[in-house]
Every structure is written in structure tokens, then in C-alpha cells.
Amino acid sequence: RRGLRVVRLKGGDPGIFGRLAEETEALDALQVPYRVLPGVSSLMAATTGTGMLLTRRGISRGFCVMTPRQEGGALGQIAAAEHARLPIGFFMAVSSAAEVARQLTDDGMSPRTPVAAVFGGGSDQVRIVSGDLDNIAAHIAAAPTDLPGVLIVGDVTRFRHGAWGALEGR
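Reading guide: rules and limits
- Residues numbered from 1 in each chain as written.
- Predicted model: local features only at pLDDT ≥ 70, side-chain atom pairs only at ≥ 80, totals over all residues.
- Heavy atoms only, no water.
- Pairing = 2+ DSSP bridges.
- Helix = DSSP H or I, 4+ residues; strand = E, 2+ residues; numbered from the N terminus.
- Axes fitted to C-alpha atoms, helices over the stretch in contact; angles between N-to-C directions.
- Salt bridge = Lys/Arg side-chain N within 4 Å of Asp/Glu carboxyl O.
- Buried < 20%, exposed > 50% of the residue type's maximum accessible area, 1.4 Å probe, protein only.
- Contact = heavy atoms within 4.5 Å.
- Core = buried A, V, L, I, M, F, W, Y, C linked by side-chain atoms within 4.5 Å.

### Describing the sheet that holds strand β2 (residues 114-119)
Then comes step 1: The antiparallel open sheet is built from 4 strands, whose spatial order is β1-β4-β2-β3. Strand pairing shows two members of the sheet lacking a second neighbour, β1 (88-91) and β3 (127-132), which therefore form its edges. Neighbouring strand axes in the sheet, compared pairwise and without regard to direction, differ in orientation by 20° on average.
Then comes step 2: Pairing of β2 with β3, which is carried by 6 bridges, proceeds in the antiparallel orientation. Opposite V115, over in β3, you have G131 as the bridge partner.

This is the structure we're talking about:
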């Protein structure tokens, strides 16, 4: 607030099982400008760096990441019903969002499930197109871009950093 610069350097994955949401919400409440610069995920370092690729052609087309811990540290369920409520990230799927949505709804997912297409993630040109499974393809078509994108399905897409994120454009 005095115009000084503060760096909060966080190791590991602050956006995965970390306290990033709580920290940025506190900064928003105080109206303190900030910017989050994502680093290399420890998940990617542990797998890609060793050759244990999470996605290997002919073996695995995706993966799920979760913790058995609940808020407060107690152990929670990790059964299939829990997996079904996890967000899903789709690479190379923005142009086929309509088909992805159709398959998910055919499999029982609600057409009202929130979805976001994140273009240029991690860059200063990031652009987010939001909708539900039943309309995301139309929203993407109405907002064309040349930036690469990732399609994310699930309730997590309802959240964004507050108005003070990205240093308020400074």
C-alpha cells in the first residue's frame, strides 16, 4: 500500500492443493494489486522430467490429480463418485468443444456444467471464454482468437482472480 514491491515466492504448486486462492482473496479484499506468475508444476517435473509421461500415445490420454485429504487434514473418499466431480482439462479440444460437450452430456453430465476455454494461459494476453456444456461451442465461435487454448470443464471455472489481480494492468 506504500508503493513498495513485494515478491511472494512460492515453491511447489500453490495453485494445486496450496493456499493461492486464500492469499489472492485476501489481497483483493485489501485492494492490493498483484500478479501470479505460474512456474513449472512439480507434477510435470516429476513425470516429464523422468520419462514417466502422464499421457503416452497408446497408453494414456489423460490423467486425474486429487488428494485424499479434506479441509482440516482428515482423509476423505477417493471412490469413483469423487472422480466424477473433478474438473476435466482437455488439450487440443477447443475446436471440437461441441463434440466434447455432447459426449460428456451423453455420459450423464449436466448440460448446465460450467466450462471455460482459456486462451493464451500464462501470458499477458490470456483470454477466457465461459459458458456451460450446452452453449460453450457457440461462445467460442462468437469470440475467435489465434491463441492456443485449453478447455476446462467443472465448477472451478466459475472462479477468477479478483479485480486486483495481474497488478491491475500495471
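### Details of the pattern of salt bridges
Then comes step 1: According to the stated counting rule, one finds 7 salt bridges in the structure shown.
Then comes step 2: Across the pair R102 and E99 runs a salt bridge, and its minimum N-O distance is 2.5 Å. One end of the pair, R102, and the other, E99, are both in helix α4 (residues 97-106), 3 residues apart, so they sit about a helical turn from each other.
Then comes step 3: Across the pair D134 and R112 runs a salt bridge, and its minimum N-O distance is 3.0 Å. Of this pair, D134 sits in the loop between β3 and α5 (136-141) while R112 sits in the loop between α4 and β2; the two residues are 22 residues apart in sequence, bridging distant segments of the chain.
Then comes step 4: Within the structure, one salt-bridge network assembled from shared partners comprises E99, R102 and D106.

### Considering the environment of E82
Then comes step 1: Within the fold, E82 resides in helix α3 (residues 80-83).
Then comes step 2: For E82, a relative accessible area of 25% translates into the label partly exposed.
Then comes step 3: Separated by 64 residues in the primary sequence, E82 and D146 have C-alpha atoms spaced 35 Å apart.
Then comes step 4: Filtering out sequence-adjacent residues up to four positions away, E82 remains in contact with M66 and Q77.

### Quick look at the nonpolar core
Then comes step 1: A117, V129, I136, I140 and L151 are the most contacted members of the largest nonpolar core, which totals 16 residues.
Then comes step 2: Sorting the residues of this core by element identifies α4, β2, α5 and β4 (149-153) as the ones contributing at least two each.
Then comes step 3: Here this core takes 4 residues from α4, the largest share from any one element.
Then comes step 4: Not counting residues up to four positions away in its chain, the partners in contact with I140 are V94, A97, A117, F119, V129 and L151.

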